[in-house]
Amino acid sequence: MRPSVGIVGGGILGLTAAYRLLQQGVDVTLYERSHDLGGLVGSFDFEGRPADRFYHVVLPTDDRVRGLAAELGLGGEFNFRPTMTGFYDSDRLFSMSTLREFATFPLLAPHDRVRLASFVLRCQRTNDGDALDDVPLLDWLRKTCGKRTVSRLWEPLLDSKFDGQYDDLPATYMWARTKRMSKTRDAAGRELMGWLQGGYQRLVDTLADRIRLLGGTINAGVAVSGVAGSASGVYGIAVDGAVQHFDHVLCTLLPPQATRLLPEDVSARIPDHCRYLGVICVIVRCDHSVSPYYTLNITDRRIPLTTVVETTHVIDPEWAGGHLVYAAKYVDPSHEDLARPEADVAADYLGYVERIFTNLDRSAVQAVSVQRARMVEPVHALGGRKRIPDMFPVPGLAVASTAHVYPEIVNGQAVIGVADRAVDGILARLPGVGIAQAA
C-alpha cells in the first residue's frame, strides 16, 4: 500500500505540496474549508469579471513559480511588461521609474540620493542576510542611508506598511525586499513585472486538476474539526468527529490558526513566535487608467493607505473588464477597518484615491469591492530566525505556512519554497519512502 498524507489547507502551499507528494507515489487527501481553492491568491467574481482578491505579481526571477507553471503546461502563458513606480507626497506625484528619475528625485537631496543608490547596491551584493537578523532596521538604515532619508522616506513607508509598529524590525526586512525588487529591471533599466494569464487562480485550478489526475482527493467546502494524536505522534484528521487515518499530516494554516486544531500537548510545541498583519483592499474597476504607476508609495501620512496599485498595467484590462485599482492598507488584526461596514470602508478608501488622482471621475467607476483578511503576513522581530518553530514538531505532523517565510518576504515564490521544504521533510519521514530516496 502507498503511504498516505492528509493536508489541511487548499492554498498555493497545500496544493503544491499535494502535487509534489503525488509525484513521489504518495496517496494524498486535501481538505479546504472554503468551497474555493487558492486562499489569499485566489480570485473572485467582481460583478461578472474575475479579479484577484488581493494584488499579486510575478517577477522574471521567480523561478519556482515559473517552473511549476511550466510543469503544468502554462510556461508560455506569462506576460511581462515594463512598469513605473511613483511616490505621493505633499499632494503631488513623483516618479522614480528610471535611473534618470532616481538621480533627480526631488524628495531627497543629491547627497542622500547617492547614499540611497549605494544602499541598493549593497543589498544586491549581500547574498546572505543571517548577519542582519539581530541588527535593528532603523539603526541600519540611518547608518547606510542617512538620517534625512530615513525620516523623509523610510519611516513614512514603514509606518504605513506596519500600522505604526516597526521599531522592533530586523534589517533583514529591507535587505530582502530591496534585493528582490532590484532584480526586476531589464537591460534598459526598466522595471519588469509579470502576470500569468488568468492570474494565480489559473495556476491553482490547473494544480487541482493535475492532483485529481494523479489520484489525489480534494475535499473543498469541508471544515476540519481537529488533528488526531498527541505529542507522541499524530495519526489523522477529524471531520465532524470522524477520524481519517494518515501516515503523516501537513497543516498549512498559520500557527495561531493551526493550534486551534491540534491537541493541547502538540500546540504547546508551536510557539507564538511573531505577530501578523491583516489587510484591507478596496478594489475599484474603472473605464480608464487612473494612475501612471503600477505601484504608488505614499509618504504623505495624511493619506492613511499603504499603497495604491493599478494592476492592469500588468494584467490585461480586457480580461479584467476595465482598469483595476487596489487601494490597500496593511493593519494590525485588531484594526477597526477589518470590522467596519463595507460601504463605509469603500467610501473612505475611494475618497483617498480621488484625492491622490484628481483625474478619477465617479462616472468612470464601474464597480467597487472590499476585500479583507485578518491575518495575511507574518512580522518577524529582531532575532526572528532563532524563533521560527520547527516544521516537524511531533512525529507524523508537519506545520508549514507563510510563518516559515524568512528572511524572504511573503510572495508566491517564497511560499512554493516552503512547500518544497515541507515535502522533502515528509518524504524523509514516511515509512519506506525516505529509505528508498536515500538509496
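Coordinates for the structure precede this section.
Residues numbered from 1 in each chain as written. Predicted model: local features only at pLDDT ≥ 70, side-chain atom pairs only at ≥ 80, totals over all residues. Heavy atoms only, no water.

(A) Up close: the sheet that holds strand 14 (residues 275-286). On the basis of which strands lie adjacent, the open sheet formed by seven strands has the order 7-6-15-16-17-14-18 and mixed pairing. Each end of this open sheet is capped by a strand with a single partner; those strands are strand 7 (92-95) and strand 18 (365-379). Between one strand axis and the next, the sheet turns by 20° as a mean value, whatever way the strands run. Looking at chain direction, strand 16 (residues 307-310) and strand 17 (residues 323-331) are connected through four bridges and run antiparallel. Each bridged residue has a counterpart across the sheet, and for T307 the counterpart in strand 17 is A328. (Pairing = 2+ DSSP bridges. Helix = DSSP H or I, 4+ residues; strand = E, 2+ residues; numbered from the N terminus. Axes fitted to C-alpha atoms, helices over the stretch in contact; angles between N-to-C directions.)

(B) Molecular detail of the packing of aromatic side chains. Tallied over the full model, the rule gives 10 aromatic pairs. With 6.0 Å between their ring centres and 45° between their planes, Y349 and Y352 make a pair best called tilted. Here Y352 and Y349 lie together in helix 12 (residues 342-356), a separation of three residues that amounts to about one turn. Given the relative accessible area of 2%, Y349 is considered buried. Here the basic side chain of K161 rests over the ring of Y330, its NZ or CZ set 3.6 Å away from the ring centre. (Phe/Tyr/Trp six-rings, centres within 6.5 Å; stacked < 30°, edge-to-face > 60°. Buried < 20%, exposed > 50% of the residue type's maximum accessible area, 1.4 Å probe, protein only. Lys NZ or Arg CZ within 6 Å of the ring centre and 35° of its normal.)

(C) Structural detail: empty space enclosed by the protein. Tallying each qualifying case throughout the model produces four cavities of 30 Å³ or more. As a volume, the largest cavity reaches approximately 170 Å³. Along its surface, the largest cavity is lined by 15 residues, and Y173, P378, H380, Y406 and E408 are the ones closest to its centre. For the lining of the largest cavity, the secondary structure elements donating two or more residues are helix 7 (172-181) and strand 18. Here the element with the most residues in the lining of the largest cavity is strand 18; it accounts for three residues. Tallied by class, residues from the lining of the largest cavity come to 11 nonpolar, two polar and two charged. (1 Å grid on protein atoms, 1.4 Å probe; cavity = no way out; pocket = protein on both sides within 12 Å on 5 of 7 lines; lining within 4 Å. Points joined across faces, edges and corners; volume = space filled by probe spheres on them. Nonpolar A, V, L, I, M, F, W, Y, C, P; charged D, E, K, R; others polar.)

(D) Focus on the sheet that holds strand 9 (residues 217-220). If you walk across this open sheet you meet the five strands as 9-2-1-13-19, and the pairing is parallel. Lying at the two open borders of the sheet, with one neighbouring strand each, are strand 9 and strand 19 (397-399). Between one strand axis and the next, the sheet turns through 15° on average, direction left out of account. Bridge count between strand 1 (residues 4-8) and strand 2 (residues 27-32): five bridges; the pairing is parallel. Along strand 2, the bridge assignment pairs I7 with L30. The strands that helix 14 (residues 412-429) touches are strand 1, strand 13 (248-251) and strand 19; relative to strand 13, the one it contacts most, it runs at about 165°. (Contact = heavy atoms within 4.5 Å.)

(E) The arrangement of the state of the cysteines in detail. Inspection of the entire model under this criterion finds zero disulfides. There is no disulfide at C281, and the cysteine sulfur nearest it, in C286, is 15 Å away. With relative accessibility at 0%, the residue C281 sits in the buried group. Given the relative accessible area of 1%, C286 is considered buried. (Disulfide = S-S within 2.5 Å.)

(F) Layout of helix 4 (residues 110-125). The terminal C-alpha atoms of helix 4, which comprises 16 residues, lie 23 Å apart, in line with the 22 Å expected from a rise of 1.5 Å per residue. The complete set of buried residues in helix 4 reads D112, R113, L116, F119 and C123. Viewed along the axis of helix 4, the buried residues span an arc of 115°, placing them on a single side of the element. Set apart from the buried face of helix 4 by more than 90 degrees, the exposed residues are P110, V114 and R125. In this structure, the buried residues of helix 4 make contact with helix 3 (99-103), helix 5 (137-145), helix 6 (147-161) and helix 7. (Expected span 1.5 Å × (residues − 1). Arc of directions from axis to C-beta.)

(G) Spatial organisation of the pattern of salt bridges. Applying the stated criterion across every chain, the model contains 22 salt bridges. The salt bridge involving R355 is made with D91; its shortest N-O contact spans 3.7 Å. Within this pair, whereas R355 is found in helix 12, its partner D91 is found in the loop between strand 6 (85-89) and strand 7, the two being separated by 264 residues in sequence. Between E377 and K161 there is a salt bridge; the shortest N-O distance is 3.0 Å. Separated by 216 residues along the polypeptide, E377 in strand 18 and K161 in helix 6 bring together distant segments of the chain. K161 shares its class with E377; the two are buried. (Salt bridge = Lys/Arg side-chain N within 4 Å of Asp/Glu carboxyl O.)

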